[in-house]
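Observations on the model geometry
Now for the letters of each chain:
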Amino acid sequence: MKTKAFTLTILLMLFMAFAMPTVQAQDKTTVRYWHTMSDPETAKLEELIATFEAAHPEIDIEATRYAYDDFRQALLTGLAGGDPPDVARLDIVWVPEFADLGALEAMDEVLPDFEERASGFFPGPLATNYWDGHYWGLPLNTNTQVLLYNKAQFEEAGLEPPTTVTDFAEAACTLSSGEERYGYALGGTYFWAPAPLFYAQGGSITDEEVTTADGYLNSDASVAAFQTLVDMYKAGCISPNLLGGGIGTASGHADGLYSMIIDGPWMVDIYANDYPDFEVNFAPIPAGPDGTTSSVVGGENVVLFADAAEKDAALAWIDFLLSEEYQLGMAEVGVIPTLSSLAGNEALPEYFGVFMEQLETAQARTPSPHWSEIDNIINNAFQYMLRDEKSVQQALDDAVAEINALLSR
Amino acid sequence: MVPVKATQRETLGGLTLPSKFRALRQQLGQAVTPYLFLVPGLILFAAFILLPMAYSFRISFYDWNIIRPERSEYLELKNYQDIIEWPIFRRAVVNTLAYAAVTVPAQIILGLGLALLLNQKIPGQTFFRTVYYLPVITSWVIVTLLFEYLFNSQAGLINYWLQRAGIIDDPVRWFADEKLAMVPIHLLGIWKGLGWTAVVMLAGLQSIPRVLYEAAAVDGADVWAQFRRITLPLMRPTLVFLLVFLTIGALNVYISGLLLTDGGNPLDRTHFVLTLMYEETFDYFEFGRGAAISYLLTGLVFLISLVQIRLLQREIEY
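Keep in mind the model is a prediction, meaning the values are calculated, not measured.

Residue and element names in this part refer to chain A. Structurally, the position occupied by E47 is in helix α2 (residues 39-55). Given 11 C-beta atoms within a 10 Å radius, E47 is considered exposed. The sequence separation of E47 and G329 amounts to 282 residues, and the corresponding C-alpha distance is 9.2 Å.

Laid out in structure tokens, this is it:
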């Protein structure tokens, strides 16, 4: 009798142990969200997740953070292994390649009110989601690059921040002094670095439909844009660090080695942490020969994976990410919103002004699943010019041939 | 009970039927048992080495879509043909072979010298052995970053010393030149591997019987003659082992190249076979081409190791 009671108790306990969590799990839906946010952004995200979960007690957000450089590999592993996230925050230039792999859900197909929603975003960031006839994500945050200049050095030389590319080149050369100081420095030869000055001078990579680079990357305007930089480099007005193995732009600018650099809004946080005494000064990218400024659009889009298990809950989370509440919250840690309704909002930090203004003219990089390869081709073309192995025209003509071979693949 | 014991004691000469069966089972057991012990290892080897190898061999014939494999396009040998004809790949092969040609002999010669020194009876012997082994156990990533700083063109210690010593006037831009960029990469490879080479050599040296040296000394052989006639010939198996192992390691050079040249900078001229394989696979998602590159490297490693072993491995006689 005693053993029977004992066995029954054990069985009952086992039953409860297995039954209880199942009941709970059925109550809550888990949405897996992957991102590459910085420390302050991640802390803010945790707060905002708590807000969301309070409003949606049936949804549990499981956020995972990755290093930017490992993120594409981590996503591939998850997708190939059949264990992908439901929602992710992707760099805007990665969206076409993941769409091309068949990993993403087209937003214009899953959202019934897509048109109405799309009209609420700044057009530049929204455009970065478009590829092959569909929108594969929605703009989550945006950024662009502007000019950072060392005010003390400019005043000492009796100069004003340059408003045209001609003034910019002159100022850079005036401020340069052998290896002691360079007027301007780029982080490298990858396209993101020269992109703002390239676009401001009317440069372009391909036609709008991304079918050819001929007549675009090797156009007169594109050649002239690179020629400006090559001439500056040869005159010793650009630091040689862009060819590799030198002092980085962020620390070099703060130390007074580089009078001007071109970079994004995150520099405010970086300098506040690493160089608290350094005064950051922003100015718009100088205008090209036709008098218009421009820059390059950066940022991240939110995407929904085709294999997502809980699409409804995932869409509720995406809804929240694109709400004014979330975007204003993230703005507190330096993230620029994508909702046009927030333009000029008083809650946004003051330094956003110059970036929001620059975003009106900033251009998106070529949307293509081959972007990483195109980027490397342009990077190499820039190297050939700087190393005097090819003329600017020759380097860009060769790059066009390589890019066209990719586009026709 | 007694008859059973009797049959068990019977020799193979006069077996009864049940005991014949038992012997057969015993023989079978002896044949099967070792394999049973190998099963767990073999399962792991198959699951994590053989199957992925076979899978990537298949991938190398496709334009492979890793997420939707059913969308992959069969290309026959196109990946292999394209890669063999690709100038960047050829350059990567040359860079990889040059890396092996420089770092392997350097490690063996320096390692042997170091082992001979460490084999001396000197105070602090253990201390020196530990110190020379330290680079081996430190992380590749960390020491690579250290070398990146040492060879920084604007703030690096090497340029500073060279300028102070009056050897150069202007700072050398190590990483902006495809030939100069190899200097830190080769030095790092030698420095990092030296300790391990020396320890293996030391084990080889200590296995040589002391009596041989004593006998040679009695016969009037000087230190150099002892080294040439005793040490070198008896170290042959160790040296062949090191040559094959270090060569395979050198052909797989990867982390230092990836971090120091940012994967091929400048102009994709500093790639090694593995950095190129990584770039194709994980930067450009060209899994088919990446798999083809890795199989070409496997072939190269196999061929070189085979030649080395055939040419150098001989029986040693005391």
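Moving on: the domain arrangement of chain A. Many descriptions give the size of an interface as the accessible area lost when the pieces come together. Residues and elements named next belong to chain A. The domain boundaries assigned to chain A delineate domain 1 (2-143 + 299-359) and domain 2 (146-295 + 370-407). Here the C-alpha centre of domain 2 lies 34 Å away from the C-alpha centre of domain 1. Opposite the 12 residues of domain 1 that make contact, domain 2 presents 11 residues. Tallying contributions element by element places helix α16 (residues 352-359) first for the side of domain 1 that touches domain 2, with 4 residues.

Attention shifts here to the sheet that holds strand β6 (residues 138-144) of chain A. Residue and element names in this part refer to chain A. If you trace the 5 strands from one edge of the open sheet to the other, you get β2-β1-β3-β11-β6, paired in mixed fashion. Edge strands, defined here as strands with exactly one partner in the open sheet, are β2 (59-65) and β6. Averaged over neighbouring strand pairs, the angle between their axes works out to 20° when direction is ignored. Two strands pair when backbone bridges link them, and strand β1 (residues 29-35) and β2 are joined in this way by 7 bridges, in the parallel orientation.

In this section: the interface of chain B and chain A. Each side of the interface is counted separately: chain B has 23 residues, and chain A has 20 residues. Along the lines of polarity and charge, the residues of the side of chain B that touches chain A split into 12 nonpolar, 5 polar and 6 charged.

Attention now goes to the sheet that holds strand β9 (residues 258-263) of chain A. Residue and element names in this part refer to chain A. The strand order across the open sheet built from 4 strands is β8-β9-β7-β10, with neighbouring strands paired in mixed fashion. With one partner strand each, in any of the chains shown, β8 (182-184) and β10 (282-283) form the two edges of the open sheet. Across 2 bridges, β8 lies against β9 in parallel orientation. Looking across to β9, one finds that Y184 is bridged to M260. Of the strands in this sheet, β8 and β9 touch helix α9 (residues 165-175), which is tilted by about 160° from β8.

What follows is about helix α18 (residues 392-407) of chain A. Residues and elements named next belong to chain A. With 16 residues, α18 should reach 22 Å at 1.5 Å per residue; the first-to-last C-alpha distance of 22 Å fits that figure. Of all the positions in α18, only V392, A395, L396, A399, V400 and I403 are classed as buried. Within α18, the buried residues cover an arc of 140° as seen down the axis, which keeps them to one side. Turned more than 90 degrees from where α18 packs its buried face, A401 and A405 sit exposed. Where α18 is buried, its residues contact α11 (220-234) and α17 (371-386).

Next up on the list: unusual backbone geometry. Phi is mostly negative for residues that are not glycine, and the peptide bonds are mostly trans. Residue and element names in this part refer to chain B. A cis geometry characterises the amide bond from N265 onward to P266, with omega recorded as -5°. Checked against the element boundaries, P266 lands in the loop between α11 (255-261) and α12 (273-283). At E76, a position not held by glycine, the phi torsion is positive, near 55°. Its identity as a non-glycine residue notwithstanding, D262 has a phi of 55°, on the positive side. Following the sequence through the fold, D262 ends up in the loop between α11 and α12. A count of 17 C-beta atoms within 10 Å places D262 in the partly exposed class.

Conventions used here
- Residues numbered from 1 in each chain as written.
- Chains lettered and ligands numbered in written order.
- Predicted model: local features only at pLDDT ≥ 70, side-chain atom pairs only at ≥ 80, totals over all residues.
- Helix = DSSP H or I, 4+ residues; strand = E, 2+ residues; numbered from the N terminus.
- Buried ≥ 20, exposed ≤ 12 C-beta atoms within 10 Å, placed from the backbone.
- Domains from an automatic or database assignment.
- Contact = placed C-beta atoms within 7 Å.
- Pairing = 2+ DSSP bridges.
- Axes fitted to C-alpha atoms, helices over the stretch in contact; angles between N-to-C directions.
- Nonpolar A, V, L, I, M, F, W, Y, C, P; charged D, E, K, R; others polar.
- Expected span 1.5 Å × (residues − 1).
- Arc of directions from axis to C-beta.

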